[in-house]
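Each chain is listed here by its residues.
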Amino acid sequence: MTDSKYFTTTKKGEIFELKAELNSDKKEKKKEAVKKVIASMTVGKDVSALFPDVVNCMQTDNLELKKLVYLYLMNYAKSQPDMAIMAVNTFVKDCEDPNPLIRALAVRTMGCIRVDKITEYLCEPLRKCLKDEDPYVRKTAAVCVAKLHDINAQLVEDQGFLDTLKDLISDSNPMVVANAVAALSEIAESHPNSNLLDLNPQSINKLLTALNECTEWGQIFILDCLANYTPRDDRESQSICERVTPRLSHANSAVVLSAVKVLMKFMEMLPKDLDYYGTLLKKLAPPLVTLLSAEPELQYVALRNINLIVQKRPEILKHEMKVFFVKYNDPIYVKLEKLDIMIRLASQANIAQVLAELKEYATEVDVDFVRKAVRAIGRCAIKVEQSAERCVSTLLDLIQTKVNYVVQEAIVVIKDIFRKYPNKYESVIATLCENLDSLDEPEARAAMIWIVGEYAERIDNADELLESFLEGFHDESTQVQLQLLTAIVKLFLKKPTETQELVQQVLSLATQDSDNPDLRDRGYIYWRLLSTDPVAAKEVVLAEKPLISEETDLIEPTLLEELICHIGTLASVYHKPPSAFVEGSRGVMHKRLPARTGSGEGTECPDVGNAAGGSAPEAAPSIIPSQGDLLGDLLNLDLPAVLLPLMGAGFGAAPAVMPASLNAPVGGGLGDLFDLGGGVGMPMGAYIPPKTVWLPAMKAKGLEISGTFARRAGVIQMELVLTNKAMSVMTDFAIQFNRNSFGLAPAGPLQVLTPLGPNQTIEVSLPLSTVGPVMKMDPLNNLQVAVKNNIDVFYFSCQYPISMLFVEDGKMERQVFLATWKDIPNDNESQFQIQDCHLNSEAASNKLQGSNIFTIAKRTVEGQDMLYMSIKLSNGIWVLAELKVQAGNPNYTISLKCRAPEVSQCVFQCYEAVLKN
């Protein structure tokens, strides 16, 4: 009878009965009971109450029973950590069992029990197993080190396990070597800067020796490790390639792809005139072709990798075009991928064959495939000039079929052909115009409108054609609206007398009746151009266009190099670097191919990016551009509010010139901004404004956003409360700021890690930096924000207290204060009254210091306390203040002096808010 009987039971009080059976004296009954427990656990029943009884069954010589108990332990140890400690003695004992299978089982299970309390007991048995006489135990222990490192990295380093692991690379058993390499690679991934896999020619030689003898997965680990090595010169590179080449004939496709990855990488260092280089190119083709005879899922993975290889080295597969011809029973995802590779391999030598094949595909029944085939014909025309005429006539034949989606795709690609070969195939325009009424897809309509606008002088009724599109302007997609606007402006510039009404109509529709910021932007720009300087408009709109390139969809070279280094992984299937889809704290390394010179550059270069010591701006700009000078560029979403000044007479006021003090270096750059360990903590009592509703739910399809700003330990935080008042789940949150007066920008993504369900509220703290783009706002502390989720993009604006920008090193020396006060012109002094404030001067000083407003000096004149204070903003502007406090008088007088007097009003508001709250 099979084990399925353990999954079917109708007994009542099952847990109680199992408990009795687990404590039975009969071994067979005990084993049956444990099997029932595992069956219950497998189907999701909670059998954690039996933990002590199951643990008692560990004391047995029966390997099958021991495995079952260990399986139970792995599952429930996390929820019962105190109970799990009971099992430690048995683990330690099992690690010294004469049977190597039991020793390995014990150490494997201990590594899987992720309980901190048990971890320390694991060290001694693990140390013994790493030096065990049996290779099976050693290879299991090697993997256990990686698991333990994931639980407690410090413990592994302190216990010296990493050194033992490095020694295992020289082990006599190839499987131990492979597992040691796998464990070290895993650990190195989570610590990108540690030099754990210190590869040198000697260790590489040991790995290559082990490569021939270990299992297929062991070979993959070793090959992946080899791919991270950079040979010293082309001779070493050739030697490694020669020893890796036999792996190309392996039965496992993963081994083949890992070998291809190593060879593709090391080929970079071989001189192209070397005989071996040519031999290697020939050897790479057959294994890649063989992969295409596997099942469809494997074919797809192979094709995605081949796509990268062909972009890097098309010569490898240039004679293998036929294997990429589509079979009738290929799944659609394989067909589309093959089609892509066919176009990449298309050349003058094989274009006739390719075109005949593509024309055949265009008559298939699968709509997606037919569309791609028609598009492929156009791409062939652009890539192989000699075939362009044949491609155009093929496309015209397809248009004659009158199949709607074929016609639409053909028009889209003919537009590209016109861009590549201007004034060559315009004779087909008449045929295209005949099919105008059948176009219902935005891309095809936009392409046709572009053709009519571009060649308006050759089409007699161009104005009528474009006017027919204009009738349903607001129902069109944005793509079509933008194209129609441009086409009518082109037509007007070519035939001004006949189309004046038409251009007025489209500009009015685009600017006054549309709520799309992109469309309004373009409409205003054309309106301004046409009304101020028609000659300039002609030069801009009818400028000669650059020819489109042959391959518009090639992967960008640096990304391609990185993806070649990830052949055989998910990155090569997604065509995205690992950093784009791997979440978590692990630092993902950015890999690149070695330089051909063999200069010994590192294979892996961590993403330099904007490191703290990197490219922080040296100084703030001396001019903050006026708000009207720049169109809003919020995530390229163009805030409508920013465009409003364009509807007036001009582009807004002249830019406000900021004083020289703005050119002072931004105090310490990013170092200050994130000074978490500098000892300058935020004193208690720092003022944080109460949360207010920034975006009501009725304006954001059910999403309500309220929030405030705080400065903690030198970091500005935007504290948000997101509430879902809609009926659907909200996900994929992102945030972006428009340019603002002080360059505030998110320092990281908006961390909403779980979906926001209906009636749920979540609090999020978003750290901000002050190194974003700058544009003067009105009021100065206005912040325009866009928040995106899976439903839509929502805009709101809020005002931040300028005290968030007061930095911790804003205490000026007395002498410098005096000199600066005298130096700032009296015209720059502003005086304000703070009313109903009942603090004495000392309490006021302490309260203000909490918000980084520092008292430099204090003097008393005729019973009135005069406090002299300094403030430094994050962009280097200094504000000096004199606060007059009269005992018994609840009204204070404050005088502010600053080289940028625009700031004074906001600073006064901060004084008032801090002192009164």
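Just above, that's the structure.
Residues numbered from 1 in each chain as written. Predicted model: local features only at pLDDT ≥ 70, side-chain atom pairs only at ≥ 80, totals over all residues. Heavy atoms only, no water.

Asks: Would you explain the pattern of salt bridges in this entry?
Replies: Any two side chains of opposite charge can pair if their charged atoms end up close together. Applying the stated criterion across every chain, the model contains 30 salt bridges. Between D397 and K359 there is a salt bridge whose closest N-O contact spans 3.3 Å. Remark: K359 occurs in helix α20 (residues 351–361) and D397 occurs in helix α22 (residues 388–400); sequence separation between them is 38 residues. On the basis of relative accessibility, which here comes to 37%, the residue K359 falls in the partly exposed class. (Salt bridge = Lys/Arg side-chain N within 4 Å of Asp/Glu carboxyl O. Helix = DSSP H or I, 4+ residues; strand = E, 2+ residues; numbered from the N terminus. Buried < 20%, exposed > 50% of the residue type's maximum accessible area, 1.4 Å probe, protein only.)

Asks: Sorry if this is basic, but what is going on with the pairing of strand β9 (residues 782–788) here?
Replies: Extensive coverage of β9 is indicated by the burial of six of its seven residues. In this structure, strand β6 (residues 734–737) lies alongside β9, joined through four bridges in antiparallel fashion. Bridge pairing in β9 links I735 to V787. Bridge analysis of β9 against strand β10 (residues 793–799) gives seven bridges, and the strand direction is antiparallel. By the bridge assignment for β10, V785 is matched with F796. Counting the residues in the hairpin turn of β9 and β10 gives four residues. (Pairing = 2+ DSSP bridges.)

Asks: Can you walk me through the nonpolar core in this structure?
Replies: If you look at soluble globular proteins, the nonpolar side chains tend to sit buried side by side. If you look at the biggest cluster of nonpolar residues, it comprises 210 residues, and the most contacted ones within it are Y72 and F418. Here Y72 is in contact with V37, I38, M41, V47, S48, L50, F51 and V54, once residues within four sequence places are set aside. Grouped together as the second largest cluster of nonpolar side chains are 65 residues, L720, L750, L756 and F806 included. (Core = buried A, V, L, I, M, F, W, Y, C linked by side-chain atoms within 4.5 Å. Contact = heavy atoms within 4.5 Å.)

Asks: I tried to follow unusual backbone geometry on my own but got confused; where do I start?
Replies: As a rule of thumb, non-glycine residues mostly have phi less than zero, and peptide bonds are mostly trans rather than cis. The linkage connecting D778 with the following residue, P779, adopts the cis geometry, with an omega of 0°. With respect to the helices, strands and loops of the structure, P779 is situated in the loop between β8 (761–769) and β9. Not every positive phi belongs to a glycine, and K402 is a case in point at roughly 65°. The phi angle at D836 is positive, at roughly 55°, despite the residue not being glycine. For D836, the position within the fold is in the loop between β11 (829–834) and α36 (841–849). Exposure remark for D836: the relative accessible area of 54% places this residue in the exposed category.

Asks: Is there a simple way to think about the packing of aromatic side chains in this case?
Replies: The geometry of an aromatic ring pair is captured by the separation of the ring centres together with the interplanar angle, meaning the angle of the planes. All chains considered together, the criterion is met by eleven aromatic pairs. Taking the centre distance of 4.8 Å and the plane angle of 90° together, the rings of Y574 and F581 count as edge-to-face. Relative to F709, the ring of W694 lies with its centre 5.4 Å away and its plane at 40°, an arrangement referred to as tilted. Taken together, the residues W694 in strand β3 (residues 692–695) and F709 in strand β4 (residues 703–712) connect sequence positions 15 residues apart. You'll find W694 and F709 in the same group, each marked buried. (Phe/Tyr/Trp six-rings, centres within 6.5 Å; stacked < 30°, edge-to-face > 60°.)

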